[in-house]
Amino acid sequence: MLLETMSGKGSEVGGRFEELRQIIDRIELNDKIGVCLDTCHVHDAGYDIVNDLDGVLSEFDSVIGLDRLKAIHLNDSKNPFSSRKDRHEKIGQGSLGLDTFIRIINHPKLRKLPFFLETPNELEGYGEEIKLLREAYAV
């Protein structure tokens, strides 16, 4: 089972890593639980993956553990940093910017994880985003 990071809007839980940790700790078979990090959600929740990806990953590791990170939802954000909203944007067209995604997909602690596009797009647009990301992926 995967928990997903959330943006912290309204009454939802999971906008802070500590909230996810509390959920994990209350699950009887918590060794079966992993986390999916959503790039728009963590940005909108106030984790600065644009300027401090290493710091965010370090905090995630100390609170939850990088061994629990199982997947990444890739999506840009229509919102400014720490907006507590959840409005996905196409890769490179929002406040995260293309350089952030290049750092994420090539980060040594993340590059072996599965990445899932979760952008507002159509099939042709998804193809263009996939091509863009593949070209940016350092082999």
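See the structure printed just above.
Residues numbered from 1 in each chain as written. Predicted model: local features only at pLDDT ≥ 70, side-chain atom pairs only at ≥ 80, totals over all residues. Heavy atoms only, no water.

Asker: Got a sec to walk through the pairing of strand β2 (residues 34-38)? Specific residues and values, please.
Answerer: Within a regular strand, the side chains alternate between the two sheet faces. With five of five residues buried, β2 lies mostly within the body of the structure. The two faces of β2 match: Gly 34, Cys 36 and Asp 38 on one face and Val 35 and Leu 37 on the other face are all buried. Of the strand pairs in this sheet, strand β1 (residues 2-4) and β2 are connected by three bridges, and their pairing is parallel. Each residue of the ladder has a partner; that of Leu 2, found in β2, is Gly 34. (Buried < 20%, exposed > 50% of the residue type's maximum accessible area, 1.4 Å probe, protein only. Helix = DSSP H or I, 4+ residues; strand = E, 2+ residues; numbered from the N terminus. Pairing = 2+ DSSP bridges.)

Asker: Explain the packing of helix α1 (residues 17-25) against helix α3 (residues 53-63) to me, using residue names and the numbers behind them.
Answerer: At a minimum axis separation of 9 Å, α1 and α3 run at an interaxial angle of 25°. With respect to α3, the element α1 is oriented roughly parallel. Both α1 and α3 take part in a crossing whose hand is right-handed. Of the residues in α3, those in contact with Phe 17, Glu 18 and Arg 21 of α1 are Val 56, Glu 59, Phe 60 and Val 63. (Axes fitted to C-alpha atoms, helices over the stretch in contact; angles between N-to-C directions. Parallel < 35°, antiparallel > 145°, perpendicular 65-115°, else oblique. Left-handed = near helix turned anticlockwise from the far one by under 90°. Contact = heavy atoms within 4.5 Å.)

Asker: Before we move on, could you go through α1 and cite the residues and values that matter?
Answerer: Regarding α1, the residues found buried are Phe 17, Leu 20 and Ile 24. The arc that holds every buried residue of α1, seen down its axis, measures 60°, which confines them to one face. As for α1, its buried residues are in contact with β1, β2, α2 (39-45) and α3. (Arc of directions from axis to C-beta.)

Asker: Go over the packing of aromatic side chains, please, and point to the residues and values.
Answerer: Under the counting rule described, the total for this entry stands at two aromatic pairs. For the ring pair Phe 17 and Phe 60, a centre distance of 5.1 Å and an interplane angle of 80° mean the geometry is edge-to-face. One end of the pair, Phe 17, is in helix α1; the other, Phe 60, is in helix α3, and 43 residues separate them in sequence. Classification of Phe 17 as buried rests on a relative accessible area of 1%. Here the aromatic residues Phe 17, Tyr 47 and Phe 60 are joined through ring pairs into a cluster of three or more. (Phe/Tyr/Trp six-rings, centres within 6.5 Å; stacked < 30°, edge-to-face > 60°.)

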